[in-house]
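Below are the chains, spelled out letter by letter.
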Amino acid sequence: NMTIYNAKTDSKDLHVPRFTQYGTNLSDAQLGSRVIFATDEFFAVADNLLLRAEPQYDPNTYCAQGKVMDGWESRRRRLPGHDWCVIRLAYRGTIAGVELDTAFFTGNFTPAVSIQAADLSCYGTDMHDEWMPGSFERFERGGGIRGSKSSLELCAKAESACANIGGDWKEILPLSKLNPGYAESRMHYFSISEALKRTSFTHIRLNYFPDGGVARLKVYGSVSVFFEKDYFSKYTEADMPIVDLASMGLGGRGLACSNKHFGVPRNLLKPGRGVDMGDGWETARHLDRPSIIKTDPNTGLVDTDLGDWCILQLGSITSLVEEIEIDTCHFKGNFPESVMIEAGSATNNSIDLIHDEKEDSDDVKFDDLTIRWFPLLIRTKLGPDKVFQYRLSENELVKPPEGDGGVSYISHIRVNIYPDGGISRIRVRGKPMRPSRGMKRVLSSL
């Protein structure tokens, strides 16, 4: 029997904006974002801005340029102008908010910044951004060079390239003051205006006023995928390819969870295998777990009512999930004992928001949805540091209910783990499905 849940979450973090927990970091170097130009990298290269790791600091480490800093730091400017860099985002996407971290930049932080963004039509074909002078050479050598500075001639060419590439550079963050990188003042969060939240971008320009350093930059948003153009107009229903519908690259998102003590649900949707335990979704140990663990003799599973869950939104609705893949990579002593997965069919409770094929974007709030859940994978044992696959063709997955009370599409996945623990990756493979004419949108915006 299907159970109906209201699609709300009790896992809100009171200390940081929601976009940092459930948005995709479009400026993550691990996902493919990279710096294509910087005016000055004397003390530290701009590539550091995009690193996933927390900023590091050793008070005793120096190099030929001076103090070694983990971020992008330009020299003290003595000529007219200000420093700036251009960053290619890992995915074309809409931007909900920006996080700037000035950690350890206390007497040398940038006093103020602004950010511009553009949607460049060459994004999909010019993979090395050769429209930007010096970008290909930077890519070939693996990034910037500490101690370097772009010449006045090269800076002028870069300015001209930005103006002539054809993108409309919009200011998504006006001139904003930053604070020094002490523990209590290092983190800065800026929400993007509602007027720009539905605009997709491929590149950003970070402006320092006038110089200095920032440790990390994270640009949170949602990946933009035009399924009508890339899939529905290219393939018939019969020859539609089977893809990972939960993939971050196809717009999959982590929406909510019961606990995210060691890692957030969006990590489950990243490409490739996890780089370490911090690169997955991991919950805290339940404090009220039993003193003695017992096994149910009938099922062979741990006898417990304790569990954690997360809800994943697919990039596209689908009629069937053909395969589920669960990877516990790096989780050797803290993997879940077992997992149960439900598929969900969301309905939109709002009045408007009809799906529009010409504008394949979503403007739906999660709280507008009601999700009907049904079993997809019955509770099944997991193990350490291993890939587990379950296929519909081998009757390892449950088909959605048909007939009266059935569902015609799947839009969400709910991952239930018992009793707690961590998972590195989830793959949900199926065929993208074109929404029926007049259907309300069911994929929520950030």
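Structure's up top.
Treat the numbers as computed from the prediction; the structure is a model and nothing was measured.

## Things to note about the overall build of the protein
(1) Moving on: Within the protein one finds four helices and 26 strands.
(2) Moving on: Computed over C-alpha atoms, the radius of gyration of the protein comes to 23 Å, within 12% of the 22 Å expected from 2.2 N^0.38 for 446 residues, which places it in the range of a compact globule.
(3) Moving on: In terms of overall dimensions, the protein has C-alpha extents of about 75 × 55 × 40 Å along its principal axes.
(4) Moving on: By residue count, 53% of the 446 residues in the protein fall in the buried class.
(5) Moving on: Of the contacts made within the protein by residues no fewer than 6 positions apart, 85% connect residues no fewer than 24 positions apart.
(6) Moving on: Here the protein contributes 53 positive and 60 negative side-chain charges, whose respective centroids are spaced 2 Å apart.

## Here's the deal with the packing of aromatic side chains
(1) Moving on: Within this structure, the stated rule accounts for nine aromatic pairs.
(2) Moving on: Ring geometry for Phe37 against Trp84: centres 4.9 Å apart, planes inclined by 45°, an arrangement best described as tilted. Taken as a pair, Phe37 in strand β3 (residues 34-38) and Trp84 in strand β8 (residues 84-101) lie far apart in primary sequence, 47 residues in all. Pair check on accessibility: Phe37 and Trp84 agree, each one buried.
(3) Moving on: The structure contains a cluster of three or more aromatic residues connected by ring pairs, namely Phe227, Tyr231, Phe232 and Tyr235.
(4) Moving on: Taking NZ or CZ as reference, Arg205 lies 3.7 Å from the ring centre of Trp84, over its face.

## What about the pattern of salt bridges?
(1) Moving on: Evaluation of the coordinates by the stated rule reveals 27 salt bridges.
(2) Moving on: The partner of Asp47 in a salt bridge is Arg138, and the shortest N-O contact between them spans 2.9 Å. Note that Asp47 is positioned in the loop between β4 (40-41) and β5 (62-63) and Arg138 in helix α2 (residues 135-141), a separation of 91 residues in sequence.
(3) Moving on: Its relative accessible area of 5% is what places Arg138 among the buried residues.
(4) Moving on: Close ionic contact of Arg425 with Asp279 constitutes a salt bridge, the shortest N to O distance being 2.8 Å. In this pair, Arg425 is assigned in strand β26 (residues 425-430) and Asp279 in the loop between β17 (253-257) and β18 (281-282), connecting sequence segments 146 residues apart.
(5) Moving on: Through salt bridges with shared partners, a single ionic network connects Glu323, Glu325, Arg391 and Arg429.

## Describing the side chain of His188
(1) Moving on: For His188, the position within the fold is in strand β12 (residues 187-191).
(2) Moving on: Of the residues examined, His188 reaches a relative accessible area of 5% and is grouped as buried.
(3) Moving on: Polar side-chain contacts of His188 include one of 2.8 Å to the backbone nitrogen of Asn179.

## Regarding the environment of Gly344
(1) Moving on: Along the chain, Gly344 falls in strand β21 (residues 338-348).
(2) Moving on: Look at Gly344 and you get buried, because its relative accessible area is 0%.
(3) Moving on: Along the chain, Gly344 and Gly251 lie 93 residues apart, while their C-alpha atoms are 17 Å from each other.

## Concerning the nonpolar core
(1) Moving on: Core analysis: the biggest nonpolar cluster contains 73 residues, and Leu217, Ile326, Ile413 and Val415 have the highest contact counts within it.
(2) Moving on: Sort the elements by how many residues they give to this core and β8 lands first, with eight residues.
(3) Moving on: Contacts of Ile326, omitting those with residues within four sequence positions, involve Val339, Ile341, Leu377, Leu382, Lys386, Val387, Phe388, Tyr390, Ile423, Arg425 and Ile426.

## Side note on the sheet that holds strand β20 (residues 321-327)
(1) Moving on: What the four strands build is an open sheet, ordered β16-β26-β20-β23; its pairing is antiparallel. Each edge of the open sheet carries a strand with a single partner, namely β16 (243-244) and β23 (387-391).
(2) Moving on: Here β16 runs beside β26; their pairing, made up of two bridges, is antiparallel. For Asp244, the partnering residue across the bridge sits in β26 and is Arg429.

So, how was this worked out
- Residues numbered from 1 in each chain as written.
- Predicted model: local features only at pLDDT ≥ 70, side-chain atom pairs only at ≥ 80, totals over all residues.
- Heavy atoms only, no water.
- Helix = DSSP H or I, 4+ residues; strand = E, 2+ residues; numbered from the N terminus.
- Rg over C-alpha atoms; globule rule 2.2 N^0.38 Å.
- Buried < 20%, exposed > 50% of the residue type's maximum accessible area, 1.4 Å probe, protein only.
- Contact = heavy atoms within 4.5 Å.
- Lys, Arg positive; Asp, Glu negative; His and termini not counted.
- Charge placed at Lys NZ, Arg CZ, Asp CG, Glu CD.
- Phe/Tyr/Trp six-rings, centres within 6.5 Å; stacked < 30°, edge-to-face > 60°.
- Lys NZ or Arg CZ within 6 Å of the ring centre and 35° of its normal.
- Salt bridge = Lys/Arg side-chain N within 4 Å of Asp/Glu carboxyl O.
- Polar contact = N/O pair within 3.5 Å; in protein donor to acceptor, adjacent residues only side chain to side chain.
- Core = buried A, V, L, I, M, F, W, Y, C linked by side-chain atoms within 4.5 Å.
- Pairing = 2+ DSSP bridges.

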